[in-house]
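One-letter residues, chain by chain:
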Amino acid sequence: MSEPFWRAPFGTWIEIAIDWIVQVFGGFFDVVRIVLEFFYDALNTFFNWPPFWVMIILIAAFAFMMKGWQLAVGSIIGLFFIYFVDQWGNAMSTLSLVLVASVLALIIAIPVGIWAAKSARASSVIRPVLDFLQTMPAMVYLIPALILFGVGPVPGIFATVLFAVAPGVRMTELGIRGVDKEMVEAGYAFGATPGRILRQVQLPLAMPSIMAGVNQVIMLSLSMVVIAGLVGAGGLGQQVTSSLGTADVALGFEAGMSVVILAMILDRITGSIGKSRFSGLWGKIVAIAVIVAVVVANLIPSPAEGSGPDNGDEAEVTIGVFTGWPEGEAVSELWKAILEEKGYTVNLEYVDAVAGYIGLSQGRYDLLLDTWLPITHAEYIEEYGDQITELGAWNDEAVLTFAVNADAPIDSIDELADKADEFGNTIYGIEPGAGLTAATQDNVIPTYGLEGMEYITSSTPAMLAELDSAMSSGENIVVTLWRPHWAYDEYDIKDLEDPEGTLGETESIYSFSSQEFGDTHPNVTQWITDFKMDSETLYSLENAMFNEYDGNDYGPIVEEWISENQDYVNGLTE
């Protein structure tokens, strides 16, 4: 494909503009972040404060009041399903995100829709903006959101508002423009002001259309909140992205079904606004049910919380975990178990790599335990290295590889071009932005003349799925992989030699912390600095977690592994 004789630096212009916005309006966005976090935390606390059955009673009572007993029964069944697949807390966090984002989107959408309905000139300007917001790939909104607000729920809320606001504007404008002009003229004939016409004539008559817009805003918010799990927004979105990163079908469907249930409940309830069965009697019954549920919930003693470590460290530790990187997931789960045994409260936040480094540099995460240097994550360290603290390498045997089935007819990458037909002329890769992908495209393919083979990049789970399929059917396959990785224990595969050294030399896996972590957690800092784990030990932990275990709650299996390796684990904190 020929390249243009001049490449317009459009992306560079956008980057410069966003940098300028951050520098000039950084204080404003900090205030916005604080406000949105406050409302999210308040809602999340409210939804997660009472026992799950209390919230089920409240939601079912509201559903009954709005729609009837069928929706109430359906809500009870669906919410119990969410609880019994262990997604209740995540579902409540997602519900909090949806409500905050939807309310903010509607606060913007309805006035703008009214303005567009009143002014043809405003409508002509607003319409292409809405087209842009609706057609831009949703993932793109996460990029400026990360830069402006860092990681956490706020960038998820911000991106969700941008994605979901358009139908609210369009349906409001459509509803008001659809009001019978004779009704409006009759109002003016009786001396009503434009404001009164809007409040008492146009808005009431346009309410069905506006409520349809409200419904669409909520549905789109729910879909986008899941995508926002990539930037640490938490909730069900984090569970979905985590399941994608580990090819965990069970977790993916459990979290996905929970999203579907929330969507159906919200859709039916919002679709009933304006035609609910609410009456004074039902209002009293619901109020009494709420009071009784809350009182009973408070009579149930809550489990006593730990007092924290007695070594002077702060109690809470947040570890960022790169989704789809099994060695990082394994050691993060290990340290979670170790630290919780010593009285710490440990939170694991599964995020994409770039979100992890941004979060660490801003102090929202305390630790990242899976940085590959000097090649794979070098660009992130170059960007954020002066804002984070290196705690040393815990493994020095990491290497990027090309792997094939053990009985493949080749042993070196330089043989691959001649045998390409036996591998379906295909190389299966991982994520397009990964360092391994860049090394393959920039070094391996041109050096060994592999341009005639199709190099498919998608995701680590997709690559592993292809590997699993080929191994099951006895077919030859070549994939980009790395050591240490549990796939070497799961499958009978071998590495191809790289005589030209195109994949780089052996790398080390480092731990990094936020700059403040050493002051707030001196003991943990020292333990992580001294932490070492060879590949054989790591393989045994990965094998226990990802091969021998079929669930998604790694706590029990990690505890079992610790009991089998107690001497090693005890040495990590001595």
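Computed from a predicted model, the values in this text were never measured in an experiment.

This part takes up the overall build of the protein chain. The number of helices and strands found in the protein chain is 23 helices and nine strands. Radius of gyration (C-alpha) of the protein chain: 27 Å, near the 25 Å computed for a compact globule of 574 residues. Projecting the C-alpha coordinates of the protein chain onto the three principal axes gives extents of approximately 90 × 70 × 50 Å. For the protein chain, with 574 residues in total, the buried portion stands at 50%. Within the protein chain, residue pairs in contact and separated by at least 24 positions form 80% of the contacts whose partners lie at least 6 positions apart.

Among the nonpolar cores identified, the biggest contains 178 residues, and Phe402 and Leu450 are the most heavily contacted of them. With 15 residues, helix H9 (residues 194-227) is the single largest residue contributor to this core.

Let us look at the packing of aromatic side chains. Throughout the structure, instances matching the rule amount to 23 aromatic pairs. Between Phe38 and Phe39 the ring centres are 5.4 Å apart and the planes differ by 75°, which places this aromatic pair in the edge-to-face class. On the basis of relative accessible area, Phe38 is assigned to the exposed category, the value being 55%. The class of Phe39 is partly exposed, set by a relative accessible area of 46%. Feature note: the residues Phe322, Trp325, Tyr357, Trp372, Tyr380 and Trp482 constitute an aromatic cluster, connected by ring pairs.

Of the consecutive residues Leu373 and Pro374, the connecting peptide bond is found in the cis state with omega at 20°. Examined against the element boundaries, Pro374 turns out to sit in the loop between strand S3 (367-373) and helix H15 (378-384). Cis geometry marks the peptide bond from Arg483 to Pro484; its omega dihedral reads 0°. For Pro484, the position within the fold is in the loop between strand S7 (478-483) and helix H18 (487-490).

Turning our attention to the packing of helix H3 (residues 69-84) against helix H11 (residues 249-271). Running from N to C, H3 and H11 cross one another at 160°; their axes reach a closest spacing of 10 Å. Considering their axes alone, H3 and H11 lie roughly antiparallel with respect to each other. H3 and H11 meet at a crossing whose hand is left-handed. Packed against H3, whose contacting residues are Leu71, Ser75, Gly78, Leu79, Phe81 and Ile82, the element H11 presents Met257, Ser258, Ile261, Leu262, Ile265, Arg268 and Ile269 at the interface. Of the residues belonging to the contact of H3 with H11, the class tally is nine nonpolar, three polar and one charged.

The next thing to look at is the pattern of salt bridges. What the rule picks out here adds up to nine salt bridges. Of the charged contacts, one joins Arg364 and Glu37 as a salt bridge, the two residues approaching to 2.8 Å between their closest N and O atoms. Taken together, the residues span a long stretch of sequence, with Arg364 in the loop between helix H14 (353-361) and S3 and Glu37 in helix H1 (residues 10-48) at a distance of 327 residues. By relative accessible area, which is 29% here, Arg364 ends up partly exposed.

Low pLDDT means the predicted atomic positions in that stretch should not be read closely. On average, residues of the protein chain carry a pLDDT of 84, and 92% of them reach 70 or more. Within the protein chain, the lowest mean pLDDT, 55, falls on helix H12 (residues 280-299), and the highest, 95, falls on helix H20 (residues 522-530).

Here we come to a negative patch on the surface. On the surface, Glu15, Asp19, Glu379, Glu382, Glu383 and Asp386 cluster together into a patch of negative charge. Of all the elements in the fold, those that place two or more residues in the negative patch are H1 and H15. Ranked by the residues each element gives to the negative patch, the list is headed by H15, at three residues. Tracing the sequence through the fold places Asp386 in the loop between H15 and strand S4 (388-405).

What follows covers the pairing of strand S1 (residues 316-322). One face of the sheet, then the other: side chains in a regular strand alternate in exactly this way. Extensive coverage of S1 is indicated by the burial of six of its seven residues. One ladder, built from seven bridges, connects S1 with strand S2 (residues 345-351); its direction is parallel. Directly across from Ile319, in S2, lies its bridge partner Leu348. Note that the unit made of S1, helix H13 (residues 326-341) and S2 has a crossover that is right-handed. As paired strands, S1 and S3 are joined by two bridges and run parallel to one another. Bridge assignment links Gly320 to a residue of S3, and that residue is Leu368.

Further remarks concern the environment of Asp396. You can see Asp396 is positioned in strand S4. By relative accessible area, Asp396 is classed as exposed at 53%. Sequence separation between Asp396 and Asp534 is 138 residues, and the spatial gap between their C-alpha atoms is 7.8 Å. Setting aside its immediate chain neighbours within four residues, Asp396 contacts Thr506, Glu507 and Ser508.

Its place among the elements puts Ser209 in helix H9. In this structure Ser209 comes out as buried when scored by relative accessible area, which is 16%. A distance of 3.5 Å separates the side chain of Ser209 from the backbone nitrogen of Gly175, its partner in a polar contact. If we skip the residues at most four places from it in the chain, Ser209 touches Met171, Leu174 and Gly175.

Here the focus is a nonpolar patch on the surface. On the surface, a nonpolar cluster with roughly 610 Å² of combined accessible area is contributed by Trp6, Phe10, Trp13, Ile14 and Ile16. Inspection of the secondary structure assignment puts Ile16 in helix H1. On the basis of relative accessible area, Ile16 is assigned to the exposed category, the value being 52%.

Let's shift gears to the pairing of S7. Counting buried residues along S7, five of its six residues qualify, which places the element largely inside the surrounding structure. The pairing of S4 with S7 spans six bridges and is antiparallel. Looking across to S7, one finds that Val404 is bridged to Val478.

Looking at the element boundaries, Asp310 is found in the loop between H12 and S1. When the C-alpha atoms of Asp310 and Tyr344 are compared, they prove to be 9.6 Å apart, with 34 residues separating the residues in sequence.

Taking 1.5 Å of rise per residue, 16 residues should cover 22 Å, and H13 covers 23 Å from first to last C-alpha, within 8% of that figure. Across the 16 residues of H13, 13 count as buried, placing the element largely inside the fold. Looking one or two places after H13, you find Gly343, whose phi comes out positive at around 100°.

Moving on, we come to the packing of helix H6 (residues 142-149) against helix H7 (residues 153-177). Put simply, H6 and H7 touch, their axes get as near as 9 Å, and they point 135° apart. With respect to H7, the axis of H6 lies oblique. The two elements H6 and H7 meet at a crossing, and its hand is right-handed. Counting all contacts with H6, which are made through Leu142, Ala145, Leu146, Leu148 and Phe149, the residues of H7 involved are Val154, Pro155, Phe158 and Ala159. Its residues assigned to classes, the contact of H6 with H7 shows nine nonpolar, no polar and no charged.

About the criteria used
- Residues numbered from 1 in each chain as written.
- Predicted model: local features only at pLDDT ≥ 70, side-chain atom pairs only at ≥ 80, totals over all residues.
- Heavy atoms only, no water.
- Helix = DSSP H or I, 4+ residues; strand = E, 2+ residues; numbered from the N terminus.
- Rg over C-alpha atoms; globule rule 2.2 N^0.38 Å.
- Buried < 20%, exposed > 50% of the residue type's maximum accessible area, 1.4 Å probe, protein only.
- Contact = heavy atoms within 4.5 Å.
- Core = buried A, V, L, I, M, F, W, Y, C linked by side-chain atoms within 4.5 Å.
- Phe/Tyr/Trp six-rings, centres within 6.5 Å; stacked < 30°, edge-to-face > 60°.
- Axes fitted to C-alpha atoms, helices over the stretch in contact; angles between N-to-C directions.
- Parallel < 35°, antiparallel > 145°, perpendicular 65-115°, else oblique.
- Left-handed = near helix turned anticlockwise from the far one by under 90°.
- Nonpolar A, V, L, I, M, F, W, Y, C, P; charged D, E, K, R; others polar.
- Salt bridge = Lys/Arg side-chain N within 4 Å of Asp/Glu carboxyl O.
- pLDDT = per-residue confidence, 0-100.
- Patch = residues over 30% accessible without salt bridge, like charges linked within 9 Å, V, L, I, M, F, W, Y side chains within 5 Å.
- Areas by Shrake-Rupley, 256 points an atom, 1.4 Å probe, with all protein chains shown as cover.
- Lys, Arg positive; Asp, Glu negative; His and termini not counted.
- Charge placed at Lys NZ, Arg CZ, Asp CG, Glu CD.
- Pairing = 2+ DSSP bridges.
- Right-handed = clockwise from strand over helix to strand, strands pointing away.
- Polar contact = N/O pair within 3.5 Å; in protein donor to acceptor, adjacent residues only side chain to side chain.
- Expected span 1.5 Å × (residues − 1).

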